[in-house]
Amino acid sequence: MQFYEDTADVAEGFGPSAVTIGKFDGVHVGHRAVIAHLERAAREQGLVATVVTFDRHPLNVIDPQHVPPALTSTAQRRELLEDAGVDATLLLRFDEELQSKSPEAFVSEILVDTLHARLVFVGSDFRFGAKGAGDVPLLRTLGEQHGFTVELIDDVDLVDDVRPDGGRRVSSTWIRELLGQGRVAEAARLLGREHAVRSTVVHGNQRGRAMGYPTANLDPSCEGFVPADGVYAARVLHDGTVYPAAVSVGNNPTFEGVPAKQIEAHLLDVDIDLYGDRISVLFVSYVRGMVKFSSMDELAAQMRQDDLDIRLLLGLPAPV
């Protein structure tokens, strides 16, 4: 995938292109359906399938008090877009300058002069330019002037992909709600994959190791939305290898001084040194909520039960 972080980086001869524009947070099944249609149209017309997205949620500039937490980091989003098969991605810096750009300037400078767009694929509620002054009718008018056509996502038969149950439309907001309730298996269905967070393994207090359950403690500055507190069946991706794991999220109320939203991963049947390495935790299924135990023995007994429950969820045999 060609990746550009500034319009100035795009080669003068780029394109011609088929373009879709959006935040693409999570790159969920709805996004992937849109991208798949864009790719088909691009192939048929000999165009470069191109996604235009932003380095931050526009509300960071427009209304900072109401910015939703991101499902994915910019780096994760880039990787997911490449995995979806996009030919090129232009990551625009959403700042005061871009926010104040008129609809006409947005189209002429970005879609026409930079990307040489011949097809633009957007939703019927698409807005662009300063104060959202640009809408689909204006985009069509500008397309006639500049030589590109506008196609609406709403007019394409993507129902099974964007409304999996025939009801609510898949959205980043819906996925965020599910993850916030610990419903990671349901979120995975809407994402088309297991939700992942990524961070560096840091030194913890070694309590888990002392109990026979060594854990990899993730630095709190994670990439990706951290799901609700609780214990999860999960997988850990490290250096190209995936390991089954038991994962806890939260402050572990049995102990004092544990940071809020601490993520700890216990790899099943393997003990490797991960300190300083970057790992991804892929959440498979919710097991239970966080509980304050009255004794270490009670905690150890629950951890043994968690181990059995998680092995069953992951399709692993019980330990010998």
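Predicted model, so just to flag it, every value in this text is computed and none were measured.

Rules used in this analysis
- Residues numbered from 1 in each chain as written.
- Predicted model: local features only at pLDDT ≥ 70, side-chain atom pairs only at ≥ 80, totals over all residues.
- Heavy atoms only, no water.
- Helix = DSSP H or I, 4+ residues; strand = E, 2+ residues; numbered from the N terminus.
- Axes fitted to C-alpha atoms, helices over the stretch in contact; angles between N-to-C directions.
- Parallel < 35°, antiparallel > 145°, perpendicular 65-115°, else oblique.
- Left-handed = near helix turned anticlockwise from the far one by under 90°.
- Contact = heavy atoms within 4.5 Å.
- Nonpolar A, V, L, I, M, F, W, Y, C, P; charged D, E, K, R; others polar.
- Buried < 20%, exposed > 50% of the residue type's maximum accessible area, 1.4 Å probe, protein only.
- Salt bridge = Lys/Arg side-chain N within 4 Å of Asp/Glu carboxyl O.

A few words now on unusual backbone geometry. Backbone geometry follows two general trends: most residues other than glycine have a negative phi, and most peptide bonds adopt the trans configuration. Following G15, the chain continues to P16 via a peptide bond in cis, the omega torsion being -5°. Turning to its location among the elements, P16 is positioned in the loop between β1 (2-4) and β2 (17-21). Phi is positive for K131, close to 55°, though the residue is something other than glycine. If you trace the backbone, K131 turns up in the loop between β5 (117-122) and α6 (136-146).

Turning our eyes to something else, we now look at the packing of helix α8 (residues 172-180) against helix α9 (residues 184-191). At a closest axis distance of 8 Å, the pairing of α8 and α9 adopts a crossing angle of 160°. When the axes of α8 and α9 are compared, the pair comes out roughly antiparallel. Seen from above, α8 lies across α9 with left-handed handedness. Touching W174, I175, L178 and L179 of α8 are V184, E186, A187, L190 and L191, all from α9. Considering only residue class, the contact of α8 with α9 consists of eight nonpolar, no polar and one charged.

Tracing the backbone shows S280 in strand β12 (residues 278-288). On the accessibility criterion, S280 (10% relative accessible area) is buried. With 11 residues separating them in the primary sequence, S280 and V291 have C-alpha atoms 25 Å apart. Once residues within four sequence positions are removed from consideration, S280 is found in contact with V197, R198, R235, V236 and L237.

This part covers the pattern of salt bridges. If you walk through the whole model with that rule in mind, you get 15 salt bridges. What you see here is one network of salt bridges that share partners, running through D55, R56, R93 and D95.

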